Amino acid sequence: MKRSINPFRTLADLLYPRPCAGCGRPVHGPEAALCPDCQMRVPVVSLPYCSVCGDPVAGDVPGPYVCTWCRKTAPAFAWARSAVRYAGPVRPCIRNLKYRAGFWALPEIERWLAALWPTCPDDRATADAIVPVPLHWTRRIRRTYNQATLVARILSRLSGIPVRPFWLWRLRRTGTQTHLTAAQRARNVAGVFGVPSRRAVRGRRILLVDDVMTTGATLDACARALRNAGAAAVMAVTVARG
Ligand SMILES: [Zn+2]
Ligand SMILES: [Zn+2]
């Protein structure tokens with residue numbers, strides 16, 4: 001996608017080069033969070049991966065493959081895909097976006113999503129709406145933005161599918177999931193999400209969007225709430241895979 005170059009921004013970048021998010025060396029030129037070396041080190045998710053949840057698998061697998069988690073859980077989303085792995089120079093980009101309003105990482109994220117989108121299953125184009133995974137309203141106020149909504153807006157520009165941030169609510173706060181096991185995460189998010197208007201989502205095909213997918217428990221809980229409210233199908237895209 002074409003992006004106009006802001007002359008003031010370009011001048012500012014020349015005068016005050018930003019440190020690369022990956023290695024700290026100065027980055028020259030506009031619209032880059034990572035230096036060319038770190039861009040090369042971005043671990044892109046590539047085949048083979050689980051045909052349902054998109055989790056990459058090491059080594060060779062014959063034909064389409066469904067992972068153990070998907071066979072056990074039967075997730076409520078039809079498929080999920082991630083652009084890059086949550087590793088190397090991707091980590092500081094996402095962490096800065098999430099906790100420190102590092103919006104300079106957005107052009108990098110847009111490049112990753114632009115490469116991912118055409119590789120998603122064909123029915124991606126049938127989605128009626130993009131729904132970002134919601135924050136609880138208290139957290140949303142404290143952080144002033146929802147990083148998943150920023151990602152959703154990028155995907156909306158790339159795909160032409162509108163963003164509907166109010167189709168899903170987070171009904172109660174959940175603590176950090178970082179140190180929880182897969183089973184604990186699933187329990188932690190069960191019943192956390194709700195749909196304010198069943199009429200809005202009934203019969204719709206919805207594309208869920210988040211910054212990082214780790215165990216899939218959050219996306220599964222969101223998809224379950226939307227399906228229970230009558231959504232015809234739920235698909236999911238995240239920037240990174242933990
Ligand atoms: Zn670098
Ligand atoms: Zn899977």
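Residues numbered from 1 in each chain as written. Chains lettered and ligands numbered in written order. Predicted model: local features only at pLDDT ≥ 70, side-chain atom pairs only at ≥ 80, totals over all residues. Heavy atoms only, no water.

## Remarks on the coordination of the zinc ion (ligand 2)
Then, number 1: The protein atoms donating to the zinc ion (ligand 2) are C50 (SG), C53 (SG), C67 (SG) and C70 (SG), with metal-donor distances spanning 2.3 Å.
Then, number 2: Around the zinc ion (ligand 2) sit four donor atoms, and with donor-metal-donor angles ranging over 104 to 115 degrees the site reads as tetrahedral.
Then, number 3: Sequence positions of the donors to the zinc ion (ligand 2) reduce to the motif C-x2-C-x13-C-x2-C. Of the two residues, C53 is situated in the loop between α2 (36–40) and α3 (68–73) and C67 in the loop between α2 and α3; the sequence distance between them amounts to 14 residues. (Donors = N, O, S within 2.8 Å, 3.2 Å for Na, K, Ca; no water. Tetrahedral: all angles 85-135°; square planar, octahedral: opposite > 155°, others 65-115°. Helix = DSSP H or I, 4+ residues; strand = E, 2+ residues; numbered from the N terminus.)

## Considerations on the packing of helix α5 (residues 106–116) against helix α7 (residues 147–159)
Then, number 1: Interaxial distance between α5 and α7 falls to 10 Å at its minimum, and their mutual angle equals 50 degrees. By the angle between their axes, α5 is oblique relative to α7. Here the hand of the crossing between α5 and α7 comes out right-handed. Where α5 approaches α7, its residues L106, I109, E110, L113 and A114 are matched on the opposing element by L150, V151, I154, L155, R157 and L158. (Axes fitted to C-alpha atoms, helices over the stretch in contact; angles between N-to-C directions. Parallel < 35°, antiparallel > 145°, perpendicular 65-115°, else oblique. Left-handed = near helix turned anticlockwise from the far one by under 90°. Contact = heavy atoms within 4.5 Å.)

## As for the sheet that holds strand β3 (residues 79–85)
Then, number 1: With respect to topology, four strands assemble into an open sheet ordered β3-β8-β7-β4, the strand pairing being parallel. Only two strands of the sheet have a single neighbouring strand rather than two, namely β3 and β4 (129–132). Averaged over all pairs of adjacent strands, the angle between their axes in this sheet comes to 20 degrees, without regard to strand direction.
Then, number 2: Alignment of strand β7 (residues 205–213) against strand β8 (residues 233–241), held across eight bridges, turns out to be parallel. Across the sheet, residue V209 finds its bridge partner in β8, namely V237.
Then, number 3: The sheet contacts of helix α10 (residues 217–228) involve β7 and β8, and relative to β7 the element is tilted by about 160 degrees. (Pairing = 2+ DSSP bridges.)

## Observations regarding the nonpolar core
Then, number 1: The biggest cluster of nonpolar side chains holds 41 residues, and the ones touching the most others in it are W112, L113, L207 and V237.
Then, number 2: Counting residues per element, the ones that place at least two in this core are β3, α4 (90–99), α5, α7, β7 and β8.
Then, number 3: If you look at the next biggest cluster of nonpolar residues, it comprises 33 residues, including F77, V189, F193 and A221. (Core = buried A, V, L, I, M, F, W, Y, C linked by side-chain atoms within 4.5 Å. Buried < 20%, exposed > 50% of the residue type's maximum accessible area, 1.4 Å probe, protein only.)

Nothing here speaks to function; it is geometry throughout.
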